[in-house]
Amino acid sequence: MRATRVQRCLGVVFVLSACYLTSPVAAQNEAFTGEPFGVGQINVTLPKQALPEPLGAEGLALSDADGRVFYPAVKTPPDNTMVTDILLRSPLMTGGPVRREAAGLLQELLKQPPRTTIYFLFRGDGPLDVTLDARQPRKIPLRPRNDPAGHSRLVQAWWKQYTAGPSGLLKQNDYPPVVENYLKTMLGRRLGLALPEQPAVKPWQAQIEEQLGLFLGTEKVRTAMARDRMLAPSTSGEATLPLPVATEWPPLELPEAEAAAEVKTEPIAARVPAECLYVRFGSFANFLWMQDTLKRWGGDLGNLVALRGLDRGMSERMEQQLVVKQTELGRMLGGTLVSDVAMVGNDMFMREGAAFGLLFEARNAFLLSRDFTSQRAERLKGAKGATEETLTIGGKKVSYISTPDGSVRSYYLVDGAYLFVTTSKVLMQRFIETGEGNDSLGKSAEFRHARTVMPLAREDTVFVYLSDAFFRNMAGPRYWIEMRRRLEATADMELVEMASLASATEGKPGETIAELVSGRFLPPWFGPRPDGSAAVLEKDEVRDSLRGGRGHFVPIPDVPVERIAPAEAEAYRKFLDFYHAKWGRLDPMIVGIKREGLPERRERVVLDVHANPFAKRHVEMLSQSIGSADKQRLAPVPGDLMAMEVQLTNQRLFGGLRDFGLPFEMVDGRMVPAGGLMNVLVGYVGTTGSLGFLSLLDVGVTGPPDAEGYAGREPGLWRYQQGDFTVFSLQREVLAQVRPQLRFEPAERPAQFRLHVGDVASARLTPALNTLG
């Protein structure tokens, strides 16, 4: 009787696993003619060793000798590794001979190569000889049929797969989404197919990114703008309204004693306009270190943490545009000529073209100026179309070198001991005004307060300050409207570039925007925006008629904004409503970066970040969930590669990732982590006080505590309780290692959140991370 029950259970498991893990009977390869494209489907069964490396089924491609095949979409079989592991390790599959036999049958079943379906579009109605580009190319002949119903059915199947893809429309990818975004919107419009619906109610993170994302020109904001430009006519209308009056912001609340105290500040800060971002290096050596660090990471510190390794060449563009390049002689002598260096700017739009400049405090202004003048003369000879003018700005004679494409835009002035070179005429005007004692950052009360938080005595390698005036300037109507317009201009230029490539791929005319619109690669309403500017395509180069080429836009302060469209006025009103209701104001940000040399050509970089002074409203918001800063911390647990703790109002959460050698095994020619999920998540999480949301983990712990206080069983979740500590882990041995070391110790300074990351370069886990990478 018992054997019969076991067989029945195994039969159910076998049927369910077979239904889930095997492909249905292979469908017929087929193709249907239609307009503007025909559509086809190919079904192949390929073992893993026949798939292209390293992408597997996602790396399959289609081609034909006549160039008729376009826009393939690969439907890859599901990765059932975890399901397979669970089924084969299930108690129902281990034990007696009947169970072992069922497990063996299931393993044989899983050896069958899964089916891959490839959908594609094509032109014409003649026979197709399609080549499947796998490790070994495979020829597949097709004879398209005229069947409207079949065409409609297969187009829907292709579209479902094409818009889903591995990442989905407008989701985060490991590559910039501009191509994927353009193709889906363009094809959806041409074929009359609806894009996947966006959520009706946006999560709060999306709302914040939508409203505050303009400050940074985030990728999601840019992608959404391009999508909207492709799918529907602009509702902005003509620019008929006056620019809104700037909001009267309440004064920044500073601690009175500190604001009034005499605080030592660096002289160079007195030549920085109050509304500017301020990045001070303190010495020429620190400036060179930062330049070299940026170059190693493609000119973009975002590449330190991004999944993408893109080199946008920002550092080189900055040097070229400003006409400031560090020569080997300059590197050797710079410290004798320069006493301090700062980068200043009104925004951080380095990708499009920022309003920024470099400010040098000279030990010897005459010799330093000679070096700058020599570089500028050399650029005048070497840059195509470069010209130099002498402009009168604020009563000073300013040298201005520029090129028609904007790749060089350099205003240069020597004013006493200070040499300033900038991309912006307005920024140069403001620099001159600070020399007359007007509205400088260094003389402001808030900057003096910042220097009490991070005093000069710290000798930071890099000191960054984002002032209240900096945020207020960016949130003002003039700056905000032009930020929005330049992102729309960038989106239009990217669309023209993508449309040109698509037209060339399909073999259709695309040398002008009119031809791209006629070929339906751009929508019929594509054209000028409310301010009269538009994308221009000339000799395969795309630029904006008002702002110039992408990467070299005219800086925001230098672009006139006099009238705005009704839709722009409404968008700005919504932004202000959101800004006041959800944020109130952005607190000044202070960042200290300090580097320390280590043996074996390594270095330690410490970042100290403060939002200070913190607005009372923000303090009240955080106090609802975050506890007060604690002068104690959990003692470091030897063997942790990463550890964190956060003080909440009713508990302290903590956790750690252990440093371990992750075992690997060879499966079908590929290295994969051995032992499944249990061997990958080697760490612990715990709390003091109430369990809080960790009670969700407590539900997964089975059985009462044993004699040593451990509750749980293998394989599964374990829990250990000791005094105020409750700790969870997937490994009992991890709890045994961590439990005796849980104790508090005095902290160097109070904090609510602490994060420590060990030396990843020498960690035992690093080879495994490299293998996964």
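J.: So what's going on with the overall build of the chain? Which residues, and what values?
T.: Summing up its helical and strand segments, the chain has 22 helices and 33 strands in all. The buried share among the 773 residues of the chain stands at 46%. In the chain, of all internal contacts separated by at least 6 residues, the share reaching a separation of at least 24 is 69%. Only carbon and sulfur atoms are counted for the fraction: they give 56% of the accessible area of the chain, which is about 39800 Å².

J.: So what's going on with the nonpolar core? Residues and values would help.
T.: Phe-281, Leu-358, Phe-360, Leu-368 and Val-462 are the most contacted members of the largest nonpolar core, which totals 50 residues. Membership of the second largest hydrophobic core comes to 41 residues, among which are Trp-159, Leu-187, Leu-522 and Phe-553.

J.: So what's going on with the sheet that holds strand β25 (residues 651–658)? Residues and values would help.
T.: With antiparallel pairing, seven strands are arranged side by side in an open sheet as β29-β30-β31-β28-β25-β24-β33. Only two strands of the sheet have a single neighbouring strand rather than two, namely β29 (710–711) and β33 (753–757).

J.: With reference to specific residues and values, describe the packing of helix α5 (residues 178–191) against helix α16 (residues 477–506).
T.: Orientation of α5 relative to α16, taken along the N-to-C sense of each, is 65°, at an axis distance of 10 Å. Taken together, α5 and α16 sit at an angle that is classed as roughly perpendicular. As for the relative orientation of α5 and α16, their crossing is right-handed in sense. Mapping the contact onto sequence places Val-178, Val-179, Tyr-182, Met-186 and Arg-190 in α5 and Glu-494, Leu-495, Met-498, Ala-499, Ala-502 and Glu-506 in α16. Counted by class, the contact of α5 with α16 contains eight nonpolar, no polar and three charged residues.

J.: Lay out the pattern of salt bridges with the relevant residues and their values.
T.: In the structure shown here, the tally under the stated rule is 34 salt bridges. A salt bridge links Arg-153 to Glu-30; the nearest nitrogen and oxygen atoms lie 3.3 Å apart. Within this pair, whereas Arg-153 is found in helix α4 (residues 148–164), its partner Glu-30 is found in strand β1 (residues 30–32), the two being separated by 123 residues in sequence. Note on Arg-153: relative accessible area 45%, which makes it partly exposed. On the accessibility criterion, Glu-30 (13% relative accessible area) is buried. Two residues, Arg-472 and Asp-468, come together in a salt bridge whose shortest N-O distance is 2.8 Å. A residue pair is termed a helical-turn pair when its members lie 3 or 4 positions apart in one helix, as Arg-472 and Asp-468 do in helix α15 (residues 468–475) at four residues. Under the relative-accessibility criterion, Arg-472 is labelled partly exposed at 33%. Its relative accessible area of 5% is what places Asp-468 among the buried residues. Bridged by salt links that share partners, the residues Glu-482, Asp-492, Arg-529, Asp-531, Asp-544 and Arg-547 form one connected network.

J.: So, the packing of aromatic side chains: which residues are in play, and what are the values?
T.: Considering all chains together, one arrives at 25 aromatic pairs under this definition. Among the aromatic residues, those joined into a cluster by ring pairs are Phe-281, Phe-284, Phe-287, Phe-360, Phe-372 and Tyr-412. Directly above the aromatic system of Phe-463 lies the positively charged group of Arg-451, at a separation of 3.7 Å from the ring centroid. In this structure, Arg-732 packs its charged tip against the face of Trp-718, placed 5.7 Å from the ring centre.

J.: Which residues make up the confidence of the model for the chain, and what values go with them?
T.: Averaged over every residue, the pLDDT of the chain is 80; the share at 70 or more is 76%. Below pLDDT 50 for its whole length, residues 5–10 participates in eight contacts with residues either more than four positions away or in separate chains.

Conventions adopted
Residues numbered from 1 in each chain as written. Predicted model: local features only at pLDDT ≥ 70, side-chain atom pairs only at ≥ 80, totals over all residues. Heavy atoms only, no water. Helix = DSSP H or I, 4+ residues; strand = E, 2+ residues; numbered from the N terminus. Buried < 20%, exposed > 50% of the residue type's maximum accessible area, 1.4 Å probe, protein only. Contact = heavy atoms within 4.5 Å. Areas by Shrake-Rupley, 256 points an atom, 1.4 Å probe, with all protein chains shown as cover. Core = buried A, V, L, I, M, F, W, Y, C linked by side-chain atoms within 4.5 Å. Pairing = 2+ DSSP bridges. Axes fitted to C-alpha atoms, helices over the stretch in contact; angles between N-to-C directions. Parallel < 35°, antiparallel > 145°, perpendicular 65-115°, else oblique. Left-handed = near helix turned anticlockwise from the far one by under 90°. Nonpolar A, V, L, I, M, F, W, Y, C, P; charged D, E, K, R; others polar. Salt bridge = Lys/Arg side-chain N within 4 Å of Asp/Glu carboxyl O. Phe/Tyr/Trp six-rings, centres within 6.5 Å; stacked < 30°, edge-to-face > 60°. Lys NZ or Arg CZ within 6 Å of the ring centre and 35° of its normal. pLDDT = per-residue confidence, 0-100.

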